[in-house]
Amino acid sequence: MIETARKTWRIIEPYHGMIYFAPEATAAYKELGLGSRAGYFASRSAALGPVPPSVVVATFYNFNPATVHASMTDAWTITTPAAVLDARHTAADQVLRRVLGDTATSPEMARAAALLREAAETITADVTGRPLFAAHAALPWPSEPHMILWHAQTLLREYRGDAHIAALLTAGLSGIEALITHAAAGDVPAETLRTSRTWSIEDWEAAIAALRKRDWLTDAEAPAFTLTGAARRAEIERATDDNSVAPYAHLGEEACTELQTLVKPFSRALATELMPWFLPKKP
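Described in the following lines is the structure provided in the data block. Model, not experiment: these values are computed from the prediction.

A short note on the overall build of the protein chain
Counting its regular elements, the protein chain contains 16 helices and zero strands. A compact globule built from 283 residues should have a C-alpha radius of gyration of about 19 Å, and the protein chain, at 19 Å, falls within 12% of that. When burial is assessed residue by residue, the protein chain has 50% of its 283 residues classed as buried. Entry remark: accessible area of the protein chain is about 13,100 Å², with carbon and sulfur atoms responsible for 57%.

This is the structure in structure tokens:
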């Protein structure tokens, strides 16, 4: 079931993830007085309430804390979490209707929404150790199927994200070290990870040196795992998968396969429009 769960999550992820790249969202946060970085941090953390920047640092983990503080110090004096949540919801609705057209109100959408809501609702009774998931799980469910699907995937994304942070902490990795091991895994270029999380070259090189000293990385110029490092990263991924499988196990293999089939066209359309790097690479 582990592989099915991971595949299902990955296929549906663009359906939620598009909100971080949609011009509608950027424009909505700008209207509230938030720049692009503040809009990202505020919109994803708004469910927590008007918490101090240090809480956002803790829950977002691998971003440069200085950037989080700079973005969030004044955010809740400029606007409110409720206003940001409303703006995010409205932007998601606009993007989904624009990109998906009539399929946003199709029977396939309704069936996918019902399945994913069922999966998400099975885990909301126990939020222990999952702060971002708990915050979003406390929000009311939307009424329309295309937004139910978006909210359900939001919950499942944060559920998995909280599990991943727990695994990284258990492995003894700091936020920047976690990014470097992600780069070494080969999924995303190191420079993209460094710059998007606003780490300096000096901080990056120091963290690489620390990982080499602990036998996670080789001496290659680009981050590359030693055998020990590869094994430790695999342990992290296994722990993340093990602690994220419950909602998909509830649905079972057949329903998960149906869900993948239903949502794949929606995710592909959204990824093509807003997240082309998420699409499978052509051979």
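There is more to say after this.
Observations concerning the packing of helix 1 (residues 2-17) against helix 10 (residues 145-170)
Interhelical geometry of helix 1 versus helix 10 gives an angle of 120° and a closest axis separation of 9 Å. Relative to helix 10, the element helix 1 is oriented oblique. Remark: the crossing between helix 1 and helix 10 carries left-handed chirality. Side by side, helix 1 and helix 10 meet where R6, W9, I12, E13, Y15 and H16 of the first sit next to H146, L149, W150, Q153, T154, R157 and R160 of the second.

With respect to helix 14 (residues 227-242)
Taking 1.5 Å per residue, 16 residues should reach 22 Å; helix 14 reaches 22 Å between its end C-alpha atoms and fits that length. Listed in full, the buried residues belonging to helix 14 are G229, R233, I236, T240 and D241. End-on view of helix 14: buried residues confined to an arc of 135°, all on one side of the axis. Residues of helix 14 that are exposed and point more than 90 degrees away from the buried face comprise L227 and D242.

Some remarks on the packing of helix 1 against helix 16 (residues 253-274)
With their axes 7 Å apart at the nearest point, helix 1 and helix 16 run at an angle of 30° to one another. The pairing of helix 1 with helix 16 is recorded here as roughly parallel in orientation. Where helix 1 crosses over helix 16, the handedness of that crossing is left-handed. Here helix 1 contributes T4, K7, T8, I11, I12, P14 and Y15 to the contact with helix 16, which in turn contributes E253, C256, L259, Q260, V263, K264, F266, S267, L270 and A271. Classifying every residue of the contact of helix 1 with helix 16 gives ten nonpolar, four polar and three charged.

A short note on the packing of aromatic side chains
One pass over the full model with this rule turns up nine aromatic pairs. Within the aromatic cluster, the residues linked to one another by ring pairs are Y20, Y40, F41, F60 and F63. Note that R44 overlies the ring of F60, its terminal NZ or CZ placed 4.6 Å from the centroid. One Lys or Arg, R160, reaches over the ring of W9 and ends 4.5 Å from the middle of that ring.

Some words on the side chain of R160
By the element assignment, R160 lies in helix 10. Relative accessible area serves as the criterion here: at 9%, R160 is assigned to the buried category. Residues within four places of R160 in sequence aside, it is in contact with R6, W9, E237, T240, D241 and S244.

Digging into the environment of L32
Inspection of the secondary structure puts L32 in the loop between helix 2 (23-31) and helix 3 (36-45). L32 sits 48 residues away from T80 along the chain, and the two C-alpha atoms are 9.0 Å apart. Apart from residues lying up to four places away in sequence, L32 is in contact with I78, T79, A83, V84 and A87.

Overview of the nonpolar core
In this structure, Y15, M18, I19 and L149 are the most contacted members of the largest nonpolar core, which totals 67 residues. With nine residues, helix 16 is the single largest residue contributor to this core. Discounting residues that sit within four places of it in the chain, Y15 has contacts with L96, L100, M109, H146, L149, W150, F266, S267 and L270.

Some remarks on the pattern of salt bridges
Considering all chains together, one arrives at 15 salt bridges under this definition. Between R157 and E13 there is a salt bridge, with its nearest N and O atoms 2.7 Å apart. On the criterion of sequence distance, the pair formed by R157 in helix 10 and E13 in helix 1 is long-range, its members being 144 residues apart. For E13, a relative accessible area of 6% translates into the label buried. A salt bridge links R98 to E273, with the nearest nitrogen and oxygen atoms 3.0 Å apart.

Parameters and conventions
- Residues numbered from 1 in each chain as written.
- Predicted model: local features only at pLDDT ≥ 70, side-chain atom pairs only at ≥ 80, totals over all residues.
- Heavy atoms only, no water.
- Helix = DSSP H or I, 4+ residues; strand = E, 2+ residues; numbered from the N terminus.
- Rg over C-alpha atoms; globule rule 2.2 N^0.38 Å.
- Buried < 20%, exposed > 50% of the residue type's maximum accessible area, 1.4 Å probe, protein only.
- Areas by Shrake-Rupley, 256 points an atom, 1.4 Å probe, with all protein chains shown as cover.
- Axes fitted to C-alpha atoms, helices over the stretch in contact; angles between N-to-C directions.
- Parallel < 35°, antiparallel > 145°, perpendicular 65-115°, else oblique.
- Left-handed = near helix turned anticlockwise from the far one by under 90°.
- Contact = heavy atoms within 4.5 Å.
- Expected span 1.5 Å × (residues − 1).
- Arc of directions from axis to C-beta.
- Nonpolar A, V, L, I, M, F, W, Y, C, P; charged D, E, K, R; others polar.
- Phe/Tyr/Trp six-rings, centres within 6.5 Å; stacked < 30°, edge-to-face > 60°.
- Lys NZ or Arg CZ within 6 Å of the ring centre and 35° of its normal.
- Core = buried A, V, L, I, M, F, W, Y, C linked by side-chain atoms within 4.5 Å.
- Salt bridge = Lys/Arg side-chain N within 4 Å of Asp/Glu carboxyl O.

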